[in-house]
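Coordinate analysis (summary)
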Amino acid sequence: TRVYAMCGAKGMAFRCAGRVDGHHGAVRMDWELLAADGSPAGAGGTNLLLLADDGRLQRDVQFNVPAKQLG
């Protein structure tokens with residue numbers, strides 16, 4: 001709910017930024033945050049999703065890229 005209040009409630013959206021790959025119950029994906037007008041909002045990173053044996057999300061580890069390093 002905190003992320004929604006900071007981003008979603010203001011019309012911002014997260015989207016996949018290209019790379020998605022998975023292996024043995026782990027999924028890695030790059031993401032970026034978009035402003036309400038669809039332009040890059042200066043936030044992005046990589047998420048590592050670890051899945052349980054039943055396929056449900058077990059853990060979400062997020063690596064954020066400092067805004068000054070985003071292109």
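All of the points below concern the structure found in this document. (Residues numbered from 1 in each chain as written. Predicted model: local features only at pLDDT ≥ 70, side-chain atom pairs only at ≥ 80, totals over all residues. Heavy atoms only, no water.)

1. What to know about the overall build of the chain
Looking only at helices and strands, the chain has one helix and four strands in total. Listed by position from the N terminus, the elements making up the chain come as α-β-β-β-β. With respect to the principal axes defined by its C-alpha atoms, the chain has extents near 40 × 25 × 15 Å. Evaluated residue by residue, the chain yields a buried proportion of 17% over its 71 residues. Entry remark: accessible area of the chain is about 5,300 Å², with carbon and sulfur atoms responsible for 54%. (Helix = DSSP H or I, 4+ residues; strand = E, 2+ residues; numbered from the N terminus. Buried < 20%, exposed > 50% of the residue type's maximum accessible area, 1.4 Å probe, protein only. Areas by Shrake-Rupley, 256 points an atom, 1.4 Å probe, with all protein chains shown as cover.)

2. A look at the pattern of salt bridges
Where side chains of opposite charge bring their charged atoms close, a pairing between them can arise. Scanning the entire structure with this criterion turns up four salt bridges. For Arg15, the salt bridge is made with Glu32, and the minimal N-O distance between the two is 2.7 Å. Taken together, the residues span a long stretch of sequence, with Arg15 in strand β1 (residues 13-23) and Glu32 in strand β2 (residues 26-34) at a distance of 17 residues. Note that Arg19 and Asp30 form a salt bridge whose closest N and O atoms lie 3.0 Å from each other. (Salt bridge = Lys/Arg side-chain N within 4 Å of Asp/Glu carboxyl O.)

3. A closer look at the side chain of Asn47
Within the fold, Asn47 resides in strand β3 (residues 40-51). At 3.0 Å, the side chain of Asn47 forms a polar contact with the side chain of Trp31. (Polar contact = N/O pair within 3.5 Å; in protein donor to acceptor, adjacent residues only side chain to side chain.)

4. Some details on the environment of Ala17
Looking at the secondary structure, you find Ala17 in strand β1. For the pair Ala17 and Asp30, spaced 13 residues apart in sequence, the C-alpha separation works out to 5.2 Å. The contact partners of Ala17, leaving out residues within four places of it in the chain, are Asp30, Trp31 and Glu32. (Contact = heavy atoms within 4.5 Å.)

5. Some thoughts on the sheet that holds strand β4 (residues 57-65)
Read from one edge to the other, the open sheet built from four strands follows the order β1-β2-β3-β4, with strand pairing classed as antiparallel. The two strands at the open ends of the sheet, each matched to only one other strand, are β1 and β4. This sheet shows a mean twist of 20° between the axes of neighbouring strands, independent of strand direction. Bridge analysis of β1 against β2 gives eight bridges, and the strand direction is antiparallel. Within β2, the position partnered with Arg15 by the bridge is Glu32. (Pairing = 2+ DSSP bridges. Axes fitted to C-alpha atoms, helices over the stretch in contact; angles between N-to-C directions.)

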